[in-house]
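Below are the chains, spelled out letter by letter.
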Amino acid sequence: MKSILKSRPFLWLVLALPGLWIGWRWLMTPDEYGYGHAIRESGDWAAWLLMATLAVTPIKLLFRKQGWAIWLMRRRRDLGVASFAYAAGHTVMYLWKKGSLGLVLAELDQDFILVGWLALALFVPLAVTSNDLSMRMLKRSWKSLHRLVYPAAVLTFLHWVWSAFDPTTAWIHVGILAVIELVRIVIQWRQRVT
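This structure is a prediction, so every number in the text was calculated from the model and none was measured.

Here we look at the nonpolar core
Then, in step 1: In terms of nonpolar packing, the biggest core is built from 19 residues, with Leu 50, Leu 54, Phe 123, Val 149, Phe 157 and Leu 177 touching the most fellow members.
Then, in step 2: For this core, the secondary structure elements donating two or more residues are α3 (35-62), α7 (111-128), α10 (149-163) and α11 (168-193).
Then, in step 3: The element contributing the most residues to this core is α10, with 7 residues.
Then, in step 4: Not counting the four nearest positions on each side in its chain, Phe 157 is found in contact with Ala 47, Leu 50, Met 51, His 173, Val 174 and Leu 177.

What follows is the structure, given as structure tokens:
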């Protein structure tokens, strides 16, 4: 039982549960839980999982020998791919709602739409190469490519702040992301100095 709970398929199931819940509520109660709720919650989950993915490195650096930190480090790519899956679902809902390429292109002049598309464009190569085969093929270039997660995260959170009716929650999450990154930078700097 313990091995099942630590397995990758179980993690994927857990990561998929919010998406299944969003889809079920949208299908079963479209009048109460419509497009606005579904698009917001899919975007929230994409951002939350992105924050979790970025938090893995400072956690690993702080708790290097803890079993749970090692497990988390081994599952970091799964968290990142799940973040991308929610972002892709968020995008599909947006495209479905617009219903035409003309309407989508007409909205590219809005800052929050443009940065959302740019973030997604940066996430695509990260998601496609988040597997062992790509790591072996790209070797050292893989790590360089995956540093795109940082500008993608900035664009993601700009999208959230600029698109929110009340950006307070988005700004709180920007602050949390900034703390995560500051902790990572300080820890890595201290390790280089010592």
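More follows now that the structure is in view.
Quick notes on the pattern of salt bridges
A side chain with one charge may pair with a side chain of the opposite charge, provided their charged atoms come close.
Then, in step 1: Within this structure, the stated rule accounts for 7 salt bridges.
Then, in step 2: The shortest N-O distance in the salt bridge between Asp 78 and Arg 8 comes to 3.0 Å. With a gap of 70 residues between them, Asp 78 in helix α5 (residues 76-98) and Arg 8 in helix α2 (residues 8-28) connect regions that are remote in the sequence.
Then, in step 3: You can call Asp 78 buried: its relative accessible area is 9%.
Then, in step 4: Given the relative accessible area of 29%, Arg 8 is considered partly exposed.
Then, in step 5: Residue Glu 41 is joined to Arg 25 by a salt bridge in which the shortest nitrogen-to-oxygen separation is 2.7 Å. Taken together, the positions of Glu 41 in helix α3 and Arg 25 in helix α2 put the pair 16 residues apart, joining distant regions of the chain.

Details of α2
In an α-helix, one full turn covers 3.6 residues, which means residues spaced three or four apart are oriented alike.
Then, in step 1: Taking 1.5 Å of rise per residue, 21 residues should cover 30 Å, and α2 covers 30 Å from first to last C-alpha, within 8% of that figure.
Then, in step 2: Along its length, α2 shows its largest kink, about 35 degrees, at Ala 16, and proline Pro 18 lies within four residues downstream of that point.
Then, in step 3: Turning to α2, its buried residues are Leu 11, Leu 15, Pro 18 and Ile 22.
Then, in step 4: Its buried side turned inward, α2 meets α3, α4 (67-74) and α5.

A word on unusual backbone geometry
Working note: non-glycine residues mostly have negative phi, and peptide bonds are mostly trans.
Then, in step 1: A positive phi is found at Lys 139, a non-glycine position, where the angle reads about 50 degrees.
Then, in step 2: Structurally, Lys 139 can be placed in the loop between α8 (132-138) and α9 (140-146).

Quick notes on the packing of α5 against α7
Then, in step 1: Running from N to C, α5 and α7 point in directions that differ by 135 degrees, and their axes come no closer than 10 Å. Classified by the angle between their axes, α5 and α7 sit oblique to one another. α7 is crossed by α5, and the crossing has left-handed handedness. Packed against α5, whose contacting residues are Val 81, Phe 84, Ala 87, Thr 91, Tyr 94 and Leu 95, the element α7 presents Ile 113, Trp 117, Leu 120, Phe 123, Val 124 and Ala 127 at the interface.
Then, in step 2: Partitioned by chemical class, the residues of the contact of α5 with α7 number 11 nonpolar, 1 polar and no charged.

What about the packing of aromatic side chains?
Then, in step 1: Under the definition given, this model contains 8 aromatic pairs.
Then, in step 2: Considering the side-chain rings of Phe 63 and Trp 68, the 5.2 Å spacing of their centres and the 45 degrees angle between planes classify their relative orientation as tilted.
Then, in step 3: Overall, the relative accessible area of 38% leaves Phe 63 in the partly exposed class.
Then, in step 4: Here a set of aromatic residues connected by ring pairs shows up, and it is made of Trp 26, Tyr 35 and Trp 96.

Comments concerning the environment of Thr 57
Then, in step 1: Structurally, Thr 57 can be placed in helix α3.
Then, in step 2: Taking relative accessible area as the criterion, Thr 57 reaches 11% and is therefore assigned buried.
Then, in step 3: Residues Thr 57 and Leu 11 lie 46 residues apart in sequence; the distance between their C-alpha atoms is 19 Å.
Then, in step 4: Aside from chain neighbours lying at most four places away, what touches Thr 57 is Arg 76, Arg 184 and Gln 188.

A few points about the packing of α2 against α3
Then, in step 1: Remark: α2 packs on α3, axes separated minimally by 10 Å, with the N-to-C direction vectors making an angle of 175 degrees. Looking at the two axes, α2 sits roughly antiparallel to α3. Of α3, the residues touching α2 (which contributes Leu 15, Pro 18, Ile 22, Arg 25 and Trp 26) are Tyr 35, Ala 38, Glu 41, Ser 42, Trp 45 and Leu 49.

Cut-offs used in this document
Residues numbered from 1 in each chain as written. Predicted model: local features only at pLDDT ≥ 70, side-chain atom pairs only at ≥ 80, totals over all residues. Heavy atoms only, no water. Core = buried A, V, L, I, M, F, W, Y, C linked by side-chain atoms within 4.5 Å. Buried < 20%, exposed > 50% of the residue type's maximum accessible area, 1.4 Å probe, protein only. Helix = DSSP H or I, 4+ residues; strand = E, 2+ residues; numbered from the N terminus. Contact = heavy atoms within 4.5 Å. Salt bridge = Lys/Arg side-chain N within 4 Å of Asp/Glu carboxyl O. Expected span 1.5 Å × (residues − 1). Bend = angle between axes of the 7 residues up to and from the residue. Axes fitted to C-alpha atoms, helices over the stretch in contact; angles between N-to-C directions. Parallel < 35°, antiparallel > 145°, perpendicular 65-115°, else oblique. Left-handed = near helix turned anticlockwise from the far one by under 90°. Nonpolar A, V, L, I, M, F, W, Y, C, P; charged D, E, K, R; others polar. Phe/Tyr/Trp six-rings, centres within 6.5 Å; stacked < 30°, edge-to-face > 60°.

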